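Reading the structure
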Amino acid sequence: MSYVARDDRPADKADRYAEVETEILAVLDGEPDRVARMATVASMLNDAFPAFFWTGFYVVDPAKGNELVVGPYQGTLGCLRIPFGKGVCGAAAAEGRTQVVPDVHAFPGHIACDSRSASEIVVPVFDADGALIAVFDVDATETGAFDDVDARALEQLLGKVFD
Ligand code: SME
């Protein structure tokens, strides 16, 4: 299947998420490989939202259990490893809850992989048994780029892709 970038997406953010979710689920239909699913989510969301500057996954390292290691992503070079509890990704992993950070410089312990990142959202990703397998991280160069609409839409999408 080939994919053509589109410039006619809905202006409303929730509508845009709904449209991209449908497309992602269609592309992934029948594909069980987790890396392929993560790579596809990162690529298609990054393409659908021009404000997304870094879009991707940090996966739980099974050898360590309490450390994240970078997974499929789109964007500039990301840090390779993040301990649970450190930075925004580590907080999402440790708490199992979505983190919406309007100003990363005001977040204690924020890890600056790229100094252009100004705001971010990190959503925990669970498997069908409810075990944490990864976190999904999106950074933007503008402050306050993410809100509850992003949180709910990404939680729903990731719940469907990794159930
Ligand atoms: N900002 C993140 C680190 C990952 S990068 O932004 C890609 C954090 O503090 O968790």
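Residues numbered from 1 in each chain as written. Predicted model: local features only at pLDDT ≥ 70, side-chain atom pairs only at ≥ 80, totals over all residues. Heavy atoms only, no water.

At a minimum axis distance of 11 Å, the contact between helix α2 (residues 34–48) and helix α4 (residues 148–161) shows a crossing angle of 150°. For the element pair α2 / α4, the angle class is roughly antiparallel. The element α2 and its partner α4 pack so that their crossing is right-handed. Of the residues in α4, those touching α2 at R37, V41 and L45 are L154, L157, L158 and V161. Its residues assigned to classes, the contact of α2 with α4 comprises six nonpolar, no polar and one charged. (Axes fitted to C-alpha atoms, helices over the stretch in contact; angles between N-to-C directions. Helix = DSSP H or I, 4+ residues; strand = E, 2+ residues; numbered from the N terminus. Parallel < 35°, antiparallel > 145°, perpendicular 65-115°, else oblique. Left-handed = near helix turned anticlockwise from the far one by under 90°. Contact = heavy atoms within 4.5 Å. Nonpolar A, V, L, I, M, F, W, Y, C, P; charged D, E, K, R; others polar.)

Let us look at helix α1 (residues 13–28). In this model α1 runs 22 Å from its N-terminal to its C-terminal C-alpha over 16 residues, within 8% of the 22 Å that 1.5 Å per residue would give. Taken as a whole, α1 has its buried residues at R16, Y17, V20, E21, E23, I24 and L28. Where α1 ends, the next residue or the one after it, G30, has phi of about 85°, a positive value. (Expected span 1.5 Å × (residues − 1). Buried < 20%, exposed > 50% of the residue type's maximum accessible area, 1.4 Å probe, protein only.)

So, about the sheet that holds strand β1 (residues 54–60). Pairing between the strands of a sheet comes from backbone hydrogen bonds, and it takes one of two forms, parallel or antiparallel. As summarised here, the arrangement of the six strands in space is β3-β2-β1-β6-β5-β4, forming an open sheet in which the pairing is antiparallel. A single partner strand is all that each edge strand has here, and the edge strands are β3 (81–83) and β4 (99–101). Taking each pair of neighbouring strands and ignoring which way they run, the sheet shows an average axis angle of 25°. (Pairing = 2+ DSSP bridges.)

According to the stated counting rule, one finds 12 salt bridges in the structure shown. Note that E67 is salt-bridged to R81, the shortest N-O span being 2.8 Å. One end of the pair, E67, is in strand β2 (residues 67–74); the other, R81, is in strand β3, and 14 residues separate them in sequence. Judged by relative accessible area, E67 falls into the buried class, the value being 15%. (Salt bridge = Lys/Arg side-chain N within 4 Å of Asp/Glu carboxyl O.)

Looking at the ligand, the residues that line it are W54, Y58, I82, G87, V88, C89, H110, I111, C113, E120, D137 and D139. The separation between an oxygen atom of the ligand and a polar main-chain atom of V88 is 3.0 Å. Within the side chain of E120, an N or O atom sits 2.8 Å from a nitrogen atom of the ligand. Surface burial for the ligand is 98%, taken as the share of its 300 Å² of free accessible area covered by protein chains. The set of elements that each furnish at least two residues to the shell around the ligand consists of β1, α3 (87–95) and β6 (132–140). The dominant element in the shell around the ligand, judged by the number of residues it contributes, is α3, at three residues. Counted by class, the shell around the ligand contains seven nonpolar, two polar and three charged residues. (Near = heavy atom within 4 Å. Polar contact = N/O pair within 3.5 Å; in protein donor to acceptor, adjacent residues only side chain to side chain. Areas by Shrake-Rupley, 256 points an atom, 1.4 Å probe, with all protein chains shown as cover.)

What follows concerns the nonpolar core. I24, V41, L45, F57, F136 and L158 are the most contacted members of the largest nonpolar core, which totals 29 residues. Mapped by element, the contributors of at least two residues to this core are α1, α2, β1, β5 (119–126), β6 and α4. Discounting residues that sit within four places of it in the chain, V41 has contacts with I24, L28, F57, F136, L158 and V161. The next biggest cluster of nonpolar side chains, apart from the first, holds 18 residues, and it includes F53, W54, C79 and V88. (Core = buried A, V, L, I, M, F, W, Y, C linked by side-chain atoms within 4.5 Å.)

Any functional reading would require information that these geometric values do not contain.
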